[in-house]
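# Reading the structure
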Amino acid sequence: MSKIIRTEPNPILSKVVEYHGFLFTQGFVARDLKADITAQTKDVLAQIDEALELHGTDNTRLLQAQIWLKDINDRDALNAVWSAWLPKDGAPARACIQATMAHPDVLVEIMLTCTK
């Protein structure tokens, strides 16, 4: 049986769960919640890069993305950063929806599934 690896677990979530070569991330939000959508998206993707690297993979191995926006009108700004971050021909299956965020200053949250 494959071992389940939980990165930085706490009582309610783990940053990343690795199982059988698959990685499931938490929903990442920006560290600077005063930043605009572009800066928040860049920070979220930088955190994702760090988490994937810790597990020996990168954004070329993305399978699925779930993206929540506080305001769906920010989708074009998000997509500009997202598209620049994605590898050529490496877009995952994706959902992007407007949602009420857990904190009023969170503009974007991204959760991924990928493989090693």
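Our structure's up above, just so we're on the same page.
Read on for an overview of the structure. What you see is a predicted model, and the numbers here were worked out from it, not measured in a lab.

### A few points about helix α1 (residues 37–54)
When the terminal C-alpha atoms of α1 are compared, their 26 Å separation across 18 residues agrees well with the 26 Å that a helix rising 1.5 Å per residue should span. Within α1, the full set of buried residues consists of Ile37, Gln40, Thr41, Asp43, Val44, Leu45, Gln47, Ile48, Ala51 and Leu52. Lining the buried residues of α1 we find β2 (16–19), β3 (22–25), β4 (28–29), β5 (62–69), α2 (75–85) and β7 (108–115). Immediately beyond the C-terminal end of α1, within one or two residues, lies Gly56, with a positive phi of roughly 75°.

### Some details on the pairing of β2
Alignment of strand β1 (residues 4–7) against β2, held across 4 bridges, turns out to be antiparallel. Across the sheet, the residue bridging to Ile5 is Glu18, located in β2. From the end of β2 to the start of β3, which pair antiparallel, there are 2 residues, and His20 there has a positive phi angle of about 55°.

### Details of the side chain of Thr41
The topology assignment puts Thr41 in helix α1. Once residues within four sequence positions are removed from consideration, Thr41 is found in contact with Leu78, Val81 and Val108.

### Notes on the pattern of salt bridges
Pairing between side chains becomes possible if they bear opposite charge and their charged atoms approach one another. Enumeration according to the criterion identifies 4 salt bridges in this entry. Lys15 is the partner of Glu8 in a salt bridge, and the nearest nitrogen-oxygen pair spans 3.5 Å. Using a relative accessible area of 51% as the deciding quantity, one classes Glu8 as exposed. Residue Lys15 is classed as partly exposed on the basis of its relative accessible area of 23%.

### Some words on α2
Those residues of α2 lying buried are Leu78, Val81, Trp82 and Trp85. Summarising the axial view, the buried residues of α2 lie within an arc of 100°, below the 170-degree limit, and thus occupy one face. Away from its buried face, by an angle of more than 90 degrees, α2 presents the exposed residues Asp76, Ala80 and Ala84. Contacts made by the buried residues of α2 are with α1, β5, β6 (93–98) and β7.

### Looking at the packing of aromatic side chains
What the rule picks out here adds up to 1 aromatic pair. Pairing Trp82 with Trp85 gives two aromatic rings, centres 5.4 Å apart and planes at 40°, and the pair type is tilted. Of this pair, Trp82 and Trp85 both sit in helix α2, 3 residues apart, which is roughly one turn of the helix. For Trp82, a relative accessible area of 3% puts it in the buried group. With relative accessibility at 13%, the residue Trp85 sits in the buried group.

### Some remarks on unusual backbone geometry
The residue His20 is not glycine, and still its phi comes out positive at about 55°. With respect to the helices and strands, the residue His20 is situated in the loop between β2 and β3. Look at Asp89: it is not a glycine, yet its phi comes out positive at around 60°. Its place among the elements puts Asp89 in the loop between α2 and β6. Using a relative accessible area of 77% as the deciding quantity, one classes Asp89 as exposed.

Reading the values: the criteria
- Residues numbered from 1 in each chain as written.
- Predicted model: local features only at pLDDT ≥ 70, side-chain atom pairs only at ≥ 80, totals over all residues.
- Heavy atoms only, no water.
- Helix = DSSP H or I, 4+ residues; strand = E, 2+ residues; numbered from the N terminus.
- Expected span 1.5 Å × (residues − 1).
- Buried < 20%, exposed > 50% of the residue type's maximum accessible area, 1.4 Å probe, protein only.
- Contact = heavy atoms within 4.5 Å.
- Pairing = 2+ DSSP bridges.
- Salt bridge = Lys/Arg side-chain N within 4 Å of Asp/Glu carboxyl O.
- Arc of directions from axis to C-beta.
- Phe/Tyr/Trp six-rings, centres within 6.5 Å; stacked < 30°, edge-to-face > 60°.

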